[in-house]
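Listed here are the chains, written in short residue letters.
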Amino acid sequence: MTVIPEEKGVEAIVAQESVASSAKRGLSSPWASLAAVVIAVVWTIPTFGLLVTSFRPEKEITSSGWWTSLWNWGFTLDNYDEVLNGSTTNLATYFINSIVITIPSVLIPISIATMAAYAFAWMKFPGRDFLFVAIFALQIVPIQVTMIPLLKLYVQPPFNLQPLAGSDAPGGGLYTIWLSHSIFALPLAIYLLHNFMNQIPGELIESARVDGAGHVQIFTKIMLPLMAPAIAAFGIFQFLWVWNDLLVALVFGSNPEIAPLTVRLAELSGTRGQDWYLLSAGAFVSLIVPLVVFLALQRYFVRGLLAGSVKG
């Protein structure tokens, strides 16, 4: 075994500290702060323009840019009134449909992924590594490729099971939407939660086993509390994905009565796109719920993103 002289070890530590210090100085310098502010402003300008456009009259939207409103004030709530009340179906119905679709589509993959991640991280069984690699590889499969096989499986299930899609679909097609979103989310959920769970010190698990705890107790009393940031971070991503989804709802939702809010937004511009000016107001109406969810869980968001990135 090669022994490193004490002087060289000290020099290596000092070199690492100097690199970290220089990186910290570079990131905290006034120029770095100025660049961050510029990037933030440039990133926010389109959203601010969309917000201003949502309050402008139709004639001004079609004749001039949104920035002209900064010196030529003329705002109105007509666009929001048209979005909220300009349909034969109450917009609250679309909100409820989106919530009914989104909540199970978030809870189902999280429930399955947490148990699967624990099994891959802390349970030994034949073919574990192969199955994990296979699940990881499923992330590269495009969603569009799987829609026709899934739809055929829902309409004509094997073993004479009841069809989940079609004219007589139970729940109007909600089951197929829930299952589809869960299937599409599981590979990424299992991969992310496994990486986080794998970073938990093994000594903690061993001490629990010495005290007589089984896998169920370890999972429920130790793993789930520690995994709260990672679960919340993935839950936010999945919530935003499902809430803003239109393709899955149109393909697997066989009943128009369960149409989510995105379907209403797609109908706002009209069959020929003549009412496109309403899209900005509709976008901010649909933004309310995801914004509330993100603000409520933001304290877990950064912790979940950084989970598993470092050891110790």
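Every residue gets a number counted from 1 within its own chain, in the order that chain's sequence is written. Only residues with pLDDT of 70 or above have their local features reported here, since the model is predicted, and side-chain atom pairs are shown and tallied only from 80 upward, although totals for entire chains, interfaces and linings are computed over all residues. Water and hydrogen atoms play no part in the side-chain values, which are based on all heavy atoms of the structure.

Details of the layout of surface pockets
The line we're drawing: Using protein atoms alone on a 1 Å grid, points that fit a 1.4 Å probe yet trap it form a cavity, whereas open point sets bounded by protein on both sides within 12 Å along at least five of seven lines form a pocket; residues with an atom within 4 Å of a point count as lining. Grid points are joined across faces, edges and corners, and a volume is the space filled by probe spheres set on the points. Secondary structure elements follow DSSP: runs of H or I of four or more residues count as helices, runs of E of two or more count as strands, with numbering from the N terminus. The nonpolar class holds Ala, Val, Leu, Ile, Met, Phe, Trp, Tyr, Cys and Pro. Asp, Glu, Lys and Arg form the charged class, and all remaining residues, Gly among them, are polar.
As a volume, the largest pocket reaches approximately 470 Å³. In this structure, the largest pocket is lined by 18 residues; those nearest its centre are Ile143, Ile183, Phe184, Ala185 and Pro187. Going through the elements one at a time, helix 7 (143-155), helix 8 (174-198) and helix 11 (228-243) are the ones with two or more residues in the lining of the largest pocket. Residue contributions to the lining of the largest pocket peak at 7 residues, all from helix 8. Of the residues that constitute the lining of the largest pocket, the class distribution is 14 nonpolar, 4 polar and no charged.

Brief notes about unusual backbone geometry
We apply this condition: Relative accessibility decides the category of a residue: with a 1.4 Å probe and only protein chains considered, values under 20% of the type maximum give buried, values over 50% give exposed, and everything between is partly exposed.
With a phi angle near 60°, Phe159 is a residue other than glycine that sits in the positive phi range. You can see Phe159 is positioned in the loop between helix 7 and helix 8. The class for Phe159 is exposed, based on a relative accessible area of 75%. Backbone geometry at Asn160 places phi at a positive 55°, although glycine is not the residue there.

Focus: the packing of aromatic side chains
Heads up, the condition is: Whether two aromatic rings pair depends on their centres lying within 6.5 Å, for rings of Phe, Tyr and Trp, where Trp uses its six-membered ring; planes under 30 degrees apart make the pair stacked, over 60 edge-to-face, and the rest tilted.
According to the stated counting rule, one finds 13 aromatic pairs in the structure shown. With a centroid separation of 5.7 Å and 80° between ring planes, the pair formed by Phe48 and Trp66 is classed as edge-to-face. One end of the pair, Phe48, is in helix 2 (residues 30-54); the other, Trp66, is in the loop between helix 3 (58-63) and helix 4 (78-85), with 18 residues separating them in the sequence. Geometrically, the ring pair formed by Phe55 and Tyr80 is tilted, given 5.0 Å between the ring centres and 40° between the ring planes. You can see Phe55 sitting in the loop between helix 2 and helix 3 and its partner Tyr80 sitting in helix 4, a full 25 residues away along the chain.

Focus: the nonpolar core
Our working rule: Here, nonpolar core refers to any group of buried Ala, Val, Leu, Ile, Met, Phe, Trp, Tyr and Cys residues whose side-chain atoms link them within 4.5 Å. We call two residues in contact whenever any of their non-hydrogen atoms come within 4.5 Å of each other.
Core analysis: the biggest nonpolar cluster contains 47 residues, and Trp122, Met197 and Met223 have the highest contact counts within it. The biggest single contributor to this core is helix 5 (residues 91-122), with 12 residues. Once residues lying within four places of it in the same chain are set aside, the contact partners of Met223 are Tyr118, Trp122, Met197, Ile200, Ile205 and Ile218. Within the second largest apolar cluster, 13 residues are counted, among which are Tyr154, Leu174, Phe184 and Val242.

Notes on the pattern of salt bridges
As a reminder, the rule being used: Whenever Lys or Arg places a side-chain nitrogen within 4 Å of a carboxyl oxygen from Asp or Glu, that contact is recorded as a salt bridge.
According to the stated counting rule, one finds 3 salt bridges in the structure shown. Put simply, Arg209 and Glu206 hold a salt bridge, and the shortest N to O gap is 3.4 Å. A residue pair is termed a helical-turn pair when its members lie 3 or 4 positions apart in one helix, as Arg209 and Glu206 do in helix 9 (residues 202-210) at 3 residues. Take Glu206: its relative accessible area is 43%, and that puts it in the partly exposed class.

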